[in-house]
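Remarks on the overall topology
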Amino acid sequence: MNIMEKNEKPIFRSGFVALTGRPNAGKSTLVNQMAGMDLAIVSYKPQTTRTAIRAIIDEPHGQMILTDTPGLIKPRNRLGQFMSDTITRTVLDADLVVLLVDAKEEDRLKGRSVAEQMMLDKLRDTGKPVFLVLNKVDLIPKEALLPIMDRWNRIYPFTAIIPVSAKSGDGVEILKRALFDRLPEGPRYFPEDSLTDQTERVLASELIREQILRQVHEEIPHGTAVIINSFEEEFDSCQTCAGDPERSMVLIDATILCEKDTHKGILIGKGGARLKSIGTAARLSIEKMLDCRCYLELTVKVRQDWQNRPGILKDLGLTPER
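Residues numbered from 1 in each chain as written. Predicted model: local features only at pLDDT ≥ 70, side-chain atom pairs only at ≥ 80, totals over all residues. Heavy atoms only, no water.

Observations regarding the overall build of the protein chain
How we decide: The helix count covers DSSP runs of H or I at least four residues long, the strand count covers runs of E at least two residues long, and both are numbered beginning at the N terminus. A simple rule labels every residue: compare its accessible area, found with a 1.4 Å probe on the protein chains alone, to the largest value its type can have, and call it buried under 20%, exposed over 50%, or partly exposed in between. Residue contacts are defined here by distance: any two heavy atoms, one from each residue, within 4.5 Å place the two residues in contact. For the area figures, the Shrake-Rupley method with a 1.4 Å probe applies, and any residue is considered shielded solely by the protein chains shown.
Tallying secondary structure elements over the protein chain gives 10 helices and nine strands in all. Counting over 322 residues, the protein chain shows a buried share of 48%. If you take every contact in the protein chain between residues at least 6 apart in sequence, the share linking residues at least 24 apart comes to 75%. When the accessible surface of the protein chain is split by element, carbon and sulfur atoms take 50% of a total near 17000 Å².

Here it is, written out as C-alpha cells:
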C-alpha cells in the first residue's frame, strides 16, 4: 500500500542555495552547468563575478534558487568591500551553502586557505547544512581524491562531500539531487520556467564585460566596468499578427569605464580594432540571449579610481542599496 494518500500532494521543496569559494574555483561554470545555460560569465581570470547572480532551477516538485557569489578575497577598495559584504549576506541568508573547492589546487597546497577557514567559522554556529563540492576532480589522480576528502572531513561536519567536474558535468546531477533533497518545504518563489532574477539589461552588461575579460590581458580587465546607458526595444509592426508583437531588435548604448588613458588605448586598439572585436563578440552573445537582433554601440571612458567612487559604484549597482 502506498504510504501517500491518493489525494495527498507530493512535498514541494524550495529554497536558496549560496555558492561560495575562492576565486577560480569554478563557481560560475557550475552555476551555468546546473542551470543548463550561460547565466554567469566565465573566465580563467580570478574575480570574474562581482555581484550575486541567481539561477532559478525549476522542477515539478521543487525550485532551487542557486546564487553565484564573488570569490573569497580580502577587500582592497570599496568595490572589494561590496563584494565581500555580498558574499556574507548571501551565505547567511541561504537555506543551504555549497563551498566549492578547486581539487587540483587543494591537492597541490594540501590545505584550506585563510578565506575558506574564515567562511567555515562564520557558518559553524548557524546550523546550516553545508555541502563541500570538490571541483575539477578530472584534473587530479584518482588516488588523490580520498586524502583530500579526508582532510576536509576532519575540519568541518559537512552535510556531504561531493566530487564533480563542473566543466564536463560529471557528478553535477548527483549534486543537484542532493541539494533538492535537503531543501525545506516551501513555495515556488519565481514563476515556472524562470531562469534568473537578473534583468536583460544587467545580463547584457555582463556579456560585454565577459568579452573584455577574454580579449584583454594583464591588470586591465579588473579595472573596467560596463554601464548600460540605454536599452531600447523595437517590435514588428505587423497589424495582422495574433497576440503581442514580437521583439525584432534591441538597441544598446554602453560605456566601458577604465582607470587610465593607457588602458583606454589598449581597449580601443589600433584603429579601433580591439573595441570592434569586443563589440562583435558581445553582440553575438547578447543576440543569443535575447533571441533577436541587437545593435550595440560601445564607447570607452576614463574614470580614475572608479572602484572607490560611491556615485559610480551606485550607477553600476555595486552598492548595498541595490
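Quick notes on the sheet that holds strand 3 (residues 62–68)
Operational definition: By the convention used here, strands pair only if DSSP detects at least 2 bridges between them. Here an axis means a line fitted to C-alpha atoms, over the contact stretch when the element is a helix, while the angle between two N-to-C directions is reported on a 0 to 180 degree scale.
If you walk across this open sheet you meet the six strands as 2-3-1-4-5-6, and the pairing is mixed. If you trace the sheet from one side to the other, it starts and ends with strand 2 (53–59) and strand 6 (160–163), each paired once. In this sheet, neighbouring strand axes are inclined to one another by 25 degrees on average, regardless of whether the strands run parallel or antiparallel. In this sheet, strand 3 lies alongside strand 1 (residues 13–21) in parallel orientation, the contact comprising seven bridges. What sits directly across from arginine 13, in strand 3, is glycine 62. On top of the sheet, helix 5 (residues 145–153) reaches strand 4 (96–102), strand 5 (130–135) and strand 6; it is set at about 155 degrees to strand 5, its chief contact.

Observations regarding the side chain of serine 165
Quick note on the threshold: A 3.5 Å cut-off defines polar contacts: any pair of N or O atoms within that distance qualifies, except that in protein one atom must be a possible hydrogen donor and the other a possible acceptor, and neighbouring residues in sequence count only when both atoms are side-chain atoms.
With respect to the element layout, serine 165 can be found in the loop between strand 6 and helix 6 (172–182). Among the polar contacts listed, one links the side chain of serine 165 to the side chain of aspartate 138, at a separation of 3.3 Å. Not counting the four nearest positions on each side in its chain, serine 165 is found in contact with Asn135, Lys136, Val137, Asp138, Asp170 and Val172.

Considerations on the sheet that holds strand 8 (residues 247–258)
Pairing is mixed across the open sheet formed by three strands, whose spatial order is 7-8-9. Strand pairing shows two members of the sheet lacking a second neighbour, strand 7 (225–235) and strand 9 (293–302), which therefore form its edges. For this sheet the average axis-to-axis angle between neighbouring strands, irrespective of direction, equals 15 degrees. The strands that helix 7 (residues 200–215) touches are strand 7, strand 8 and strand 9; relative to strand 7, the one it contacts most, it runs at about 130 degrees. On top of the sheet, helix 9 (residues 273–290) reaches strand 7, strand 8 and strand 9; it is set at about 140 degrees to strand 9, its chief contact.

Digging into the packing of helix 8 (residues 261–268) against helix 9
Which entries qualify depends on this criterion: Throughout this entry, Asp, Glu, Lys and Arg are counted as charged residues, while Ala, Val, Leu, Ile, Met, Phe, Trp, Tyr, Cys and Pro are counted as nonpolar. The remaining residues, Gly among them, count as polar.
The N-to-C vectors of helix 8 and helix 9 enclose an angle of 65 degrees; their axes lie 4 Å apart at closest approach. Facing helix 8, whose interface residues are Ile266, Leu267 and Ile268, helix 9 presents Ala273, Arg274, Leu275 and Ile278. When its residues are assigned to classes, the contact of helix 8 with helix 9 shows six nonpolar, no polar and one charged.

Any link to function would need more than the numbers given here.
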